[in-house]
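Single-letter residue listing:
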Amino acid sequence: MAVADLPPIAKFIASALAVLITALAIDEFRIRRQSLRNLGLLFVRPPKGVGKWDYASILDDGARKHPDAPFLISYSGFEYVVFPQSMWDEVKRLPQSKASTMEFFKHVFFGGWNFLGTDISALHKSIGTDLTRAIPTRTRAHFESARFASGVALGACAEWKSFKMYWTLQDVVSTTNAIGLVGEELGRNPRWRSAVQQFPMTIVLGIMISGWAPRVLRPVVTWFIFLPAWALYWWMRFLLRPMVTKDIREYEAAVKETDKSQLGHASPDKKFPMTAWLMARYRPEERNAQQVAHDFIVASFESTASTSGTFYFIMAELVTRPELCDELREEILQIMVDGKLPRTNLAELRKLDSVMRECSRWNPFGHMALFRRLRAPVQLSVGPELPAGTVMSVDIHKVPKSEALWSDPDTFDPMRFLKLRQLPGREDRHQFTSLGADTPGWGDGPQACPGRAFAGNTLKVVLAYLLVNYEFRIPEGGDRLKRYSMPNGSFRPDMGVRIEFRKRQRRAISDESL
C-alpha cells in the first residue's frame, strides 16, 4: 500500500515516527561530535554482569583502569567526568563563576527549570548565615514543634502501632521544620503539610521519568512530566500568600521606623524572621511577594527530602540497637531542665552527634559528590582542559570504608567520632555538620550545603523527642531495612518498610511540661 493510500491517522503516525527517527539520529551525531572522548578521556561502561546502576562496580573499574586520572561515565544521556578522590580539594576550590552546583541541578536534573535559584541567591545566604545564627533562639520552640509533629504522625500510641517508616519520619521532619519556617498557623495547616511532603516526590518522579527520555525530546517531555510539581508549586504559593503579604507589610512599615539591623532578630516565641532576612538581602527588583513565596517553597523543598532520608538511615540503625537508644536517652535527659532542651545549638549532645555522624558514614547518600557544571573552560592538575558545559564530580564511594581514614571501618561504632573528638586538638572536629573530604555528604567549599546546621539541629530535636517519649522496634517478622541505588548514583530509603512505635510509660515527658 502506498503512503498516499494510508488513512489520515496512519499518515500522521508515519510522519511523526520519521521526524522522531531523524531527530534521534541528528542528536546522536551531535552527541558523538561533542563527546568528551574526543579530548582523550576514556569512557567506563558497567562491567560485564553488572547492572547499569551499580555505581560502586563502575567506579571501581574506572579507578582500576585509570588510576589517579579522570574518566567518563554516563547518566541520563550526560557524560560525567569523574575525578579521583585525591582531587577533592582542587575541585571544591573552583569558584562558582567557573563551576556551579546549581547549574548542575538545573541542567541535569531539572531539565532547565531554574527552580533552586542561583549560587549567590539571597535565600542561600539567609539560610547559611542568618538562620544558622538564630538556631539556638528557637531550639525549645523547635522541640515543641517536634512534639506536635510526632503527635500528628504517631497519635497516642499507648500500645505498639505499625507505621510506614519513611513516610512517617518525613511527616515528623517536614512538620517540625514548617512551623519554624512559615509559622504556627500555616505550618500546622494540613494542606500545607501535605503539599510540602508531596512536592519532593513529584520532582523526583519527574527527574526519573524525564531521564529515561532521549535528550532531544527532553524539553517537551520535561514540560509535561513536571506538571504535577508545577501544580503543587502554584498551590503552595497560593497558601503562602497571606503570610508573605503580612510579613512584607510589617517589614516595610518597620523599615520606616526602625534600624534595619534590628528587623531580623529571631524570637523564641515566633517563627524565624525569614521574610525580613530575605528582603534585607534582595536586590531592589527582587523585593516582591512572588520572590519571597518562591524562596519559602525552595527552603521547604531543600529541608524536607534530604533531612528525611538522613533521619530514616539514622533510625534504621537505632531501631536495632535498644541499648544504644537507652544511652542516648540518658544523655538527652541529663541536659534537659523541666522537660525542656537548653536554648543552644545542642552541641552538648556529643554522643548523639557521634551516632548521627557514624550513621551517615555507614549509610552514605551516594557514590559521588561535588557535582558541578562548568560555566567556563577549566584546566585542573590532571586531565585535559574541560569545556564550558561539562558535568563533573568526584568519586567518594570508598571514603566510608577507607582503612586509611578509619580504624576498623567495617564495624558500626556509634561512639567513633566522640572518641576522635576526645583526642588533643580535635575537640571541634568530626561533628555531624563538619565539612571535609572525610564527610562528603554536605559538599565542601563555598558551595557546601548552606542548611546543614539547621538540618543537624532539626534531627537532634526530633530524635531527642522520640527517644525520650517513645519506644520503637521492627515489627515481628518485618522486613530488614534496606536502601536502593538510584539512577543518578545516590541511594534512597526503602519506602515500604514498617516500624512500630509505642509511647514510653516511664520518665516520658508530658505535654503539659513543654
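Placed above this text is the structure.
1. Here's the deal with the nonpolar core
Inference 1: Grouped together as the largest cluster of nonpolar side chains are 61 residues, with contacts concentrated most on Ile73, Tyr80, Val182, Trp192, Phe199 and Leu240.
Inference 2: Examining the composition of this core, we find that 11 residues originate from one element, helix H11 (residues 227-257), more than from any other.
Inference 3: When residues no more than four places from it in sequence are discounted, the contact partners of valine 182 are Gly187, Trp192, Leu240, Met243, Lys271 and Phe296.
Inference 4: Among the nonpolar cores identified, the runner-up in size contains 54 residues, and Phe143, Ala146, Ile314 and Leu466 belong to it.

2. Remarks on the sheet that holds strand E1 (residues 71-75)
Inference 1: Here we have five strands laid out as an open sheet, ordered E1-E2-E6-E5-E3, and mixed in their pairing. Looking at which strands have only one partner, the edges of the open sheet turn out to be E1 and strand E3 (99-100).
Inference 2: Sheet topology note: the E1/strand E2 (residues 78-83) ladder contains five bridges and is antiparallel. Looking at E2, one finds that phenylalanine 71 is bridged to valine 82.
Inference 3: Sheet strands touched by helix H4 (residues 101-109): E1, E2, E3, strand E5 (368-374) and strand E6 (391-395). Its angle to E5, the strand with the most contacts, is close to 85°.

3. Overview of helix H6 (residues 139-154)
Inference 1: In this model, H6 (16 residues) spans 22 Å end to end at C-alpha, consistent with the 22 Å of a helix rising 1.5 Å per residue.
Inference 2: Most of H6 sits inside the fold, with 12 of its 16 residues counted as buried.
Inference 3: Three or more residues of H6 are buried, namely Thr139, Ala141, His142, Phe143, Ser145, Ala146, Arg147, Phe148, Ala149, Ser150, Ala153 and Leu154.
Inference 4: Against strand E4 (161-164), helix H7 (165-182), helix H18 (452-469), strand E7 (470-473) and strand E10 (498-503) lie the buried residues of H6.
Inference 5: Directly beyond the C-terminal end of H6, a positive phi value near 75° is found at glycine 155.

4. What about the sheet that holds E4?
Inference 1: Read across the sheet, three strands follow the order E4-E10-E7 without closing on themselves; strand pairing throughout is antiparallel. One side of each edge strand has no neighbouring strand; the edge strands of this open sheet are E4 and E7. Here the average twist between neighbouring strands, direction ignored, is 35°.
Inference 2: Here four bridges tie E7 to E10, and the two strands are oriented antiparallel to one another. Note that in E10 the partner of glutamate 471 across the bridge is arginine 502.
Inference 3: Of the strands in this sheet, E7 and E10 are in contact with H18, which crosses E7 at around 90°.

5. Re the environment of glutamate 358
Inference 1: Structurally, the position occupied by glutamate 358 is in helix H16 (residues 350-362).
Inference 2: When the C-alpha atoms of glutamate 358 and arginine 416 are compared, they prove to be 7.0 Å apart, with 58 residues separating the residues in sequence.
Inference 3: Contact partners of glutamate 358, with chain neighbours within four places excluded, come to Thr411, Phe412, Asp413, Pro414, Arg416 and Phe417.
Inference 4: Polar side-chain contacts of glutamate 358 include one of 2.9 Å to the backbone nitrogen of aspartate 413.
Inference 5: Side chain to side chain, glutamate 358 and arginine 416 meet in a polar contact 3.0 Å long.

6. Overview of unusual backbone geometry
Inference 1: We note that aspartate 338 has phi near 55°; this positive angle belongs to a residue other than glycine.
Inference 2: Position of aspartate 338 relative to the elements: it lies in the loop between helix H15 (322-335) and H16.
Inference 3: Phi at histidine 430 is positive, roughly 60°, even though this residue is not glycine.
Inference 4: Within the element layout of this structure, histidine 430 appears in the loop between helix H17 (416-421) and H18.

7. Observations concerning the environment of aspartate 130
Inference 1: Structurally, aspartate 130 is set in helix H5 (residues 122-134).
Inference 2: For aspartate 130, a relative accessible area of 15% corresponds to the buried category.
Inference 3: Residues aspartate 130 and leucine 278, 148 residues apart in the sequence, show an inter-C-alpha distance of 9.5 Å.
Inference 4: Apart from residues lying up to four places away in sequence, aspartate 130 is in contact with Lys125, Trp277 and Arg281.

8. Here's the deal with the pairing of E2
Inference 1: Judged by how many residues are buried, E2 sits mostly within the fold: six of six residues are covered.
Inference 2: Residues Phe78, Tyr80 and Val82 line one face of E2 and the alternating positions Glu79, Val81 and Phe83 line the opposite face, and both faces are buried.
Inference 3: Counted along the chain from E1 to the antiparallel partner E2, the turn is two residues long, and its residue serine 76 has a positive phi close to 55°.
Inference 4: Note that E2 and E6 share four bridges and pair parallel. Paired with valine 81 across the two strands is methionine 392, which belongs to E6.

9. Things to note about a nonpolar patch on the surface
Inference 1: A contiguous nonpolar patch, built from Val220, Trp223, Phe224, Leu227, Trp230 and Trp234 and spanning about 670 Å² of accessible area, is present on the exposed surface.
Inference 2: The set of elements that each furnish at least two residues to the nonpolar patch consists of helix H10 (218-225) and H11.
Inference 3: With respect to the helices, strands and loops of the structure, leucine 227 is situated in helix H11.

10. Overview of the packing of aromatic side chains
Inference 1: Tallied over the full model, the rule gives 22 aromatic pairs.
Inference 2: For the pair tyrosine 465 and tyrosine 470, a centre-to-centre distance of 6.4 Å together with 55° between the ring planes defines the contact as tilted.
Inference 3: Members of the aromatic cluster, joined through ring pairs, are Phe143, Phe163, Tyr465, Tyr470, Phe472 and Phe501.
Inference 4: Note that arginine 37 overlies the ring of phenylalanine 43, its terminal NZ or CZ placed 4.2 Å from the centroid.

11. Digging into the side chain of histidine 66
Inference 1: Its location among the elements puts histidine 66 in the loop between helix H2 (55-65) and E1.
Inference 2: Residue classification places histidine 66 among the buried residues on the basis of a relative accessible area of 14%.

12. Overview of H15
Inference 1: Taking 1.5 Å as the rise per residue, H15 with 14 residues should run 20 Å; its terminal C-alpha atoms sit 21 Å apart, in good agreement.
Inference 2: Where H15 is buried, its residues touch helix H14 (305-318), H16, H18 and E7.

13. Brief notes about the packing of H6 against H18
Inference 1: Contact pair H6 / H18: the axes reach a minimum separation of 9 Å and the direction vectors enclose 60°. Overall, the two elements H6 and H18 adopt an arrangement that is oblique. Like other packed secondary-structure pairs, H6 and H18 cross with a definite hand, here right-handed. Touching Thr139, His142, Phe143, Ala146, Arg147, Ser150 and Leu154 of H6 are Phe454, Asn457, Thr458, Val461, Val462, Ala464, Tyr465 and Leu466, all from H18.
Inference 2: Taken together, the residues that form the contact of H6 with H18 break down as nine nonpolar, five polar and one charged.

Thresholds, definitions, all that
Residues numbered from 1 in each chain as written. Predicted model: local features only at pLDDT ≥ 70, side-chain atom pairs only at ≥ 80, totals over all residues. Heavy atoms only, no water. Core = buried A, V, L, I, M, F, W, Y, C linked by side-chain atoms within 4.5 Å. Buried < 20%, exposed > 50% of the residue type's maximum accessible area, 1.4 Å probe, protein only. Helix = DSSP H or I, 4+ residues; strand = E, 2+ residues; numbered from the N terminus. Contact = heavy atoms within 4.5 Å. Pairing = 2+ DSSP bridges. Axes fitted to C-alpha atoms, helices over the stretch in contact; angles between N-to-C directions. Expected span 1.5 Å × (residues − 1). Polar contact = N/O pair within 3.5 Å; in protein donor to acceptor, adjacent residues only side chain to side chain. Patch = residues over 30% accessible without salt bridge, like charges linked within 9 Å, V, L, I, M, F, W, Y side chains within 5 Å. Areas by Shrake-Rupley, 256 points an atom, 1.4 Å probe, with all protein chains shown as cover. Salt bridge = Lys/Arg side-chain N within 4 Å of Asp/Glu carboxyl O. Phe/Tyr/Trp six-rings, centres within 6.5 Å; stacked < 30°, edge-to-face > 60°. Lys NZ or Arg CZ within 6 Å of the ring centre and 35° of its normal. Parallel < 35°, antiparallel > 145°, perpendicular 65-115°, else oblique. Left-handed = near helix turned anticlockwise from the far one by under 90°. Nonpolar A, V, L, I, M, F, W, Y, C, P; charged D, E, K, R; others polar.

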